[in-house]
Amino acid sequence: MLVSWNTTNACNLSCRHCYRDAGIKAEEELDTAEGMALIDEIAGAGFKIMIFSGGEPLLRSDIYDLVDYAGSRGLRPVFGTNGTLIDVAVATRLKEAGACAMGISLDSVDPARHDRFRASPGAWRGAVDGMKSCREAGLPFQVNTTVMDWNAGEVEALTDFAVESGAAAHHVFFLVPTGRAVNIEAESLRAKQYEELLQRIMKKQAEVKIELKPTCAPQFMRIARQLGVKTRFTKGCLAGTAYCIIGPRGDVQPCAYLNMPVGNVRETPFSKIWRENEVFLRLREGCYGGGCGRCDYRNICGGCRARAYFYHGDYMAEEPWCLYHGRKGY
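What this report covers is the structure whose coordinates are included nearby. In this text the structure is predicted, and so the values were computed from the model without any measurement.

## Some thoughts on the overall build of the protein chain
Here is step 1 of the chain: Per the secondary structure count, the protein chain includes 12 helices and 10 strands.
Here is step 2 of the chain: Relative to a compact globule of 330 residues, whose C-alpha radius of gyration would be 20 Å, the protein chain shows 19 Å and is just as compact.
Here is step 3 of the chain: Once the C-alpha set of the protein chain is aligned to its principal axes, its extents read approximately 55 × 45 × 35 Å.
Here is step 4 of the chain: Burial analysis of the protein chain (330 residues in total) assigns 59% to the buried set.
Here is step 5 of the chain: Here the contacts in the protein chain between residues at least 6 apart in sequence split such that 69% fall between residues at least 24 apart.
Here is step 6 of the chain: Of the accessible surface of the protein chain, which amounts to about 13600 Å², a share of 49% is contributed by carbon and sulfur atoms.
Here is step 7 of the chain: Mean positive and mean negative side-chain charge positions of the protein chain (40 and 39 charges, respectively) differ by 7 Å.

Structure follows, in structure tokens:
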């Protein structure tokens, strides 16, 4: 099981798709003591991987202490970062604190396109330099790409770039309209584009040794099965079943893109929210609506619950951008 903590809303970039609408530090963010108490609860609830995210998590002055504490509680600390603040000294300090891997965002092999998407000149160079710093410090990293209609054709080239850069994995995130991303919903992929790109990613997996993982496109599990591609993953959508996220002020959501707070760790212990919240319990029952409910692959896919919520107003409704939807003889 893995959990994300948006450690801060502060960020040095202004990415067009940011699900947190990050930029300025939020009022009353969890402080160091509260963060360590949260880590205790996360470890006690049985989680194994803790993702330090943001905003930009490296803007927290106590981030090294938090990483060290997470490791001491038996968690595997990893990061989601834009990479621009990582130099060799930072990468070395992160490794010494116990960070196990960095997820660094890169959305195009073209610096200008990446910088436009991240709304920050120099963001591409900063991310790539961050990767080089991680490699020099011996800190593993992966490349994270948010895919849109304008960069879908670059995915294989980005995988090749990740391989050449020494990345351990390339994770491809399919846009879910939430936060600032609602303003660019028209640029997101649709069902036929999803299907075609997922097939390309699964075929590319057979050509490279690093891990390729589509995120927020759980039908990749069906496609992998249909193509005979082996994957270590057991289910596509993990929202509320093996994953959740905590916001900067302690709000808990089933996933980063399912903008539906179900509790706050300042009011209710995280472990209790995780075990007993009715939204989480319903997600674990897996009684999906529409095509997802009748699909033979529902137990390994699950459909994107956040996308169902955005387009249908029901987080248990069918995945809107799936071509299959349980049809026989597809």
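## A word on the sheet that holds strand β5 (residues 141–147)
For sheets, the rule is that strands pair by backbone hydrogen bonds, running either parallel or antiparallel.
Here is step 1 of the chain: Here we have 10 strands laid out as an open sheet, ordered β7-β6-β5-β4-β3-β2-β1-β8-β9-β10, and mixed in their pairing. Strands with a single pairing partner mark the edges of an open sheet, and in this sheet they are β7 (211–215) and β10 (263–264).
Here is step 2 of the chain: In this structure, strand β6 (residues 169–174) lies alongside β7, joined through 5 bridges in parallel fashion. Bridging from a neighbouring strand, Ala 169 pairs with Glu 211 of β7.
Here is step 3 of the chain: Helix α5 (residues 123–137) rests against β4 (101–105) and β5 of the sheet, and its axis sits at about 165 degrees to β4.

## Thoughts on the state of the cysteines
Covalent bonding between the sulfur atoms of two cysteines is what defines a disulfide.
Here is step 1 of the chain: Considering all chains together, one arrives at 0 disulfides under this definition.
Here is step 2 of the chain: Left without a disulfide partner, Cys 301 is nearest to the cysteine sulfur of Cys 322, which lies 6.1 Å away.
Here is step 3 of the chain: According to the relative accessible area criterion, Cys 301 is buried, its value standing at 11%.

## A closer look at the nonpolar core
Here is step 1 of the chain: In this structure, Phe 52, Phe 174 and Phe 270 are the most contacted members of the largest nonpolar core, which totals 98 residues.
Here is step 2 of the chain: Residues within four places of Phe 174 in sequence aside, it is in contact with Val 147, Leu 189, Tyr 194, Leu 197, Leu 198, Ile 201, Pro 214, Thr 215, Cys 216, Ala 217 and Arg 307.

## Structural notes on unusual backbone geometry
Here is step 1 of the chain: Of note, the amide linkage connecting Gly 54 to Gly 55 takes the cis form, showing an omega dihedral of 10 degrees.
Here is step 2 of the chain: Following the sequence through the fold, Gly 55 ends up in the loop between β2 (49–53) and α2 (63–72).
Here is step 3 of the chain: You will see that Ala 119, though not glycine, has its phi angle at about 55 degrees, which is positive.
Here is step 4 of the chain: Residue placement: Ala 119 occurs in the loop between α4 (111–117) and α5.

## A word on the packing of helix α7 (residues 191–205) against helix α8 (residues 220–227)
Here is step 1 of the chain: Axis separation between α7 and α8 bottoms out at 10 Å; the angle between their running directions is 55 degrees. By the angle between their axes, α7 is oblique relative to α8. For the crossing formed where α7 meets α8, the hand is right-handed. Contact residues: Glu 195, Leu 198, Gln 199, Met 202 and Lys 203 in α7; Phe 220, Arg 222, Ile 223, Ala 224 and Leu 227 in α8.
Here is step 2 of the chain: Across the contact of α7 with α8, the residue classes break down as 6 nonpolar, 1 polar and 3 charged.

Quick notes on the rules
Residues numbered from 1 in each chain as written. Predicted model: local features only at pLDDT ≥ 70, side-chain atom pairs only at ≥ 80, totals over all residues. Heavy atoms only, no water. Helix = DSSP H or I, 4+ residues; strand = E, 2+ residues; numbered from the N terminus. Rg over C-alpha atoms; globule rule 2.2 N^0.38 Å. Buried < 20%, exposed > 50% of the residue type's maximum accessible area, 1.4 Å probe, protein only. Contact = heavy atoms within 4.5 Å. Areas by Shrake-Rupley, 256 points an atom, 1.4 Å probe, with all protein chains shown as cover. Lys, Arg positive; Asp, Glu negative; His and termini not counted. Charge placed at Lys NZ, Arg CZ, Asp CG, Glu CD. Pairing = 2+ DSSP bridges. Axes fitted to C-alpha atoms, helices over the stretch in contact; angles between N-to-C directions. Disulfide = S-S within 2.5 Å. Core = buried A, V, L, I, M, F, W, Y, C linked by side-chain atoms within 4.5 Å. Parallel < 35°, antiparallel > 145°, perpendicular 65-115°, else oblique. Left-handed = near helix turned anticlockwise from the far one by under 90°. Nonpolar A, V, L, I, M, F, W, Y, C, P; charged D, E, K, R; others polar.

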